[in-house]
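Survey of secondary and tertiary structure
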Amino acid sequence: METCLKEELNTSLLTAVGHARGGCISQGWSYATDRGRVFVKINHRPEARKMFDGEAASLEAILKTHTVKVPRPIKVANIPSDGAVLIMEHLDMNPLSIYAAVLGEQLADLHLHNQKLGRKLWKERTTIGMPGNNSEDVQFVDQFGFHVETCCGYIPQVNEWQSDWVTFFTCQRLQPQMDLIEKVYGDREVQELWSQLQLIVPALFCDLEIIPALLHGDLWEGNVAEENSGPVLFDPASFYGHSEYELAIGKMIGEHCETFYSAYHQKIPRAPGFKKRLKLYQLFHALNNWNHFGLAYRPLSLKLMRHLLNSL
């Protein structure tokens with residue numbers, strides 16, 4: 001591994017510093033190199049390269065918005081044994097504490113970024129004599145999806161572009177999770193509930209205009225931190241989707257959740273039906289956790305499905 005990393009980074013110095021960090025999916029370590037410190041994520045799964053390519057693309061997309069800080073990706077590489085590494089800049093991060101409100105504001109800015117690009121584009125097209133400006137790092141996106149496949153955990157997500165959010169979310173987020181559950185567990189009850197639920201999903205979005213927003217895509221307490229200058233997000237699984245989707249994981253930033261929500265909704269107020277849609281988005285994460293970690297998440301998944309069916 002050390003030889004591989006030296007070659008990929010073109011460095012003669014490679015010294016492990018600090019403590020190893022890891023989550024449920026990958027492990028990580030900070031190294032000193034000829035050009036400063038880097039952080040290396042390591043995963044030995046066969047699908048690791050696809051997972052890290054998607055994460056690097058997500059980090060690049062968020063960086064280009066200049067809204068919320070994320071680590072800068074440096075390189076994705078295969079490793080001699082099975083798997084891959086993602087090399088990125090090292091950041092001295094601590095648990096989120098004093099910057100919860102700032103994170104709420106900056107996440108709202110991230111979600112509004114594409115909408116603002118759209119307004120600027122519309123103004124340019126409707127103003128006589130106003131030249132178009134192609135200097136933006138990011139271009140306006142009018143569909144839902146992403147230019148590469150990303151993974152929520154280690155499960156690949158279908159990011160094919162769709163013009164309709166309900167179609168995207170139903171067919172490319174919920175349905176693949178249901179298909180995995182059917183394949184592994186053959187759970188008749190959850191499939192019966194899903195056959196009913198998918199018919200009423202559109203009713204949760206009546207009279208709601210949804211402009212594609214660039215999302216972190218896997219925002220929870222374990223993917224949020226802060227450094228001395230402000231909040232930091234990491235481990236993204238980005239795509240362009242509905243901004244409310246981002247808020248679905250319960251207590252996603254721990255004890256500072258209410259401070260975060262208050263600051264976020266100052267910029268993006270709750271739309272009618274917000275709480276019901278939040279349950280729908282929470283269902284995706286319950287199913288995703290079921291597929292990652294097993295039957296402990298089955299009761300929550302069924303509870304959310306029944307709640308949604310009884311709410312309409």
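This structure is a prediction, so every number in the text was calculated from the model and none was measured.

1. Regarding the overall build of the chain
In terms of helices and strands, the chain carries eight helices and eleven strands. Taking 312 residues into account, the globule formula puts the C-alpha radius of gyration at 20 Å, and the chain, at 20 Å, falls close to it. When its C-alpha atoms are laid out on the principal axes, the chain stretches across 60 × 60 × 35 Å. Looking at the chain residue by residue over its 312 residues, the buried ones come to 51%. When the 30 basic and 36 acidic side-chain charges of the chain are each reduced to a single mean position, those positions are 3 Å apart.

2. A short note on helix H7 (residues 274-293)
Turn by turn, an α-helix covers 3.6 residues, leaving residues three or four places apart pointing in a common direction. Look at H7: 28 Å from first C-alpha to last across 20 residues, which is about the 28 Å you get at 1.5 Å a residue. When you tally the buried positions in H7, you get 14 out of 20 residues, the bulk of the element. Two residues or fewer after H7 comes glycine 294, characterised by a positive phi angle close to 105°.

3. A word on the pairing of strand E3 (residues 36-43)
Burial runs high along E3: six of the eight residues are buried. Here strand E2 (residues 27-33) runs beside E3; their pairing, made up of seven bridges, is antiparallel. The residue bridging alanine 32 from the neighbouring strand is arginine 37, located in E3. Pairing of E3 with strand E5 (residues 84-89), which is carried by six bridges, proceeds in the antiparallel orientation. Note on E5: the bridge partner recorded for isoleucine 42 is valine 85.

4. Details of the packing of aromatic side chains
In the structure shown here, the tally under the stated rule is 19 aromatic pairs. Taking 5.6 Å as the distance between ring centres and 20° as the angle between the ring planes, the aromatic pair formed by tryptophan 165 and phenylalanine 168 counts as stacked. On the criterion of helical spacing, the pair formed by tryptophan 165 and phenylalanine 168 is a turn pair, its members being three residues apart in helix H4 (residues 165-185). The class of tryptophan 165 is buried, set by a relative accessible area of 2%. On the basis of relative accessibility, which here comes to 0%, the residue phenylalanine 168 falls in the buried class. Residues phenylalanine 205 and tyrosine 281 carry aromatic rings whose centres are separated by 6.4 Å and whose planes lie at 55° to one another, so their mutual orientation is tilted.

5. Some thoughts on the domain arrangement of the chain
Looking at the assigned domains, one finds that the chain contains domain 1 (1-90) and domain 2 (95-129 + 139-310). Inter-centroid distance (C-alpha atoms) of domain 1 to domain 2 is 25 Å. Each partner contributes residues to the interface: domain 1 has 20 residues there, and domain 2 has 27 residues. Summed over both partners, the interface of domain 1 with domain 2 comes to about 1900 Å²; 70% of that surface belongs to carbon and sulfur atoms. Three residues stand out in domain 1 for area buried against domain 2, namely Thr67, Val68 and Lys69, and they jointly supply 26% of the buried area on that side. Inspection of the domain 1/domain 2 interface yields three salt bridges. On inspection of domain 1 and its partner domain 2, the count reaches five residue pairs in polar contact (both at pLDDT 80 or more). Examining the composition of the side of domain 1 that touches domain 2, we find that ten residues originate from one element, helix H2 (residues 48-65), more than from any other. In terms of residue class, the side of domain 1 that touches domain 2 is made up of ten nonpolar, four polar and six charged.

6. Considering the pairing of strand E10 (residues 230-233)
Where strand E9 (residues 224-227) and E10 come together, four bridges link them in antiparallel fashion. Bridge assignment links valine 224 to a residue of E10, and that residue is leucine 233. The turn joining E9 and E10, which pair antiparallel and follow one another in sequence, is formed by two residues.

7. Here's the deal with the side chain of histidine 265
Relative to the elements of secondary structure, histidine 265 occurs in helix H6 (residues 257-267). For histidine 265, a relative accessible area of 11% puts it in the buried group. In terms of polar contacts, histidine 265 uses its side chain to reach the backbone carbonyl oxygen of isoleucine 268, at 2.8 Å.

8. Description of unusual backbone geometry
Even without being glycine, histidine 66 reaches a positive phi, approximately 55°. Relative to the assigned elements, histidine 66 resides in the loop between H2 and strand E4 (73-78).

9. With respect to the layout of surface pockets
Its boundaries defined by the atoms lining it, the second largest pocket holds a volume of some 350 Å³. Taken together, 21 residues line the second largest pocket, and the ones lying closest to its centre are Gln115, Glu209, His242, Ser243 and Ile268. At the level of secondary structure, the elements contributing two or more residues to the lining of the second largest pocket comprise helix H3 (100-126) and H6. Residue contributions to the lining of the second largest pocket peak at four residues, all from H3. Within the lining of the second largest pocket, the residues separate by chemical class into twelve nonpolar, five polar and four charged.

Calculation rules
Residues numbered from 1 in each chain as written. Predicted model: local features only at pLDDT ≥ 70, side-chain atom pairs only at ≥ 80, totals over all residues. Heavy atoms only, no water. Helix = DSSP H or I, 4+ residues; strand = E, 2+ residues; numbered from the N terminus. Rg over C-alpha atoms; globule rule 2.2 N^0.38 Å. Buried < 20%, exposed > 50% of the residue type's maximum accessible area, 1.4 Å probe, protein only. Lys, Arg positive; Asp, Glu negative; His and termini not counted. Charge placed at Lys NZ, Arg CZ, Asp CG, Glu CD. Expected span 1.5 Å × (residues − 1). Pairing = 2+ DSSP bridges. Phe/Tyr/Trp six-rings, centres within 6.5 Å; stacked < 30°, edge-to-face > 60°. Domains from an automatic or database assignment. Contact = heavy atoms within 4.5 Å. Buried area = accessible area lost by both parts, 1.4 Å probe. Salt bridge = Lys/Arg side-chain N within 4 Å of Asp/Glu carboxyl O. Polar contact = N/O pair within 3.5 Å; in protein donor to acceptor, adjacent residues only side chain to side chain. Nonpolar A, V, L, I, M, F, W, Y, C, P; charged D, E, K, R; others polar. 1 Å grid on protein atoms, 1.4 Å probe; cavity = no way out; pocket = protein on both sides within 12 Å on 5 of 7 lines; lining within 4 Å. Points joined across faces, edges and corners; volume = space filled by probe spheres on them.

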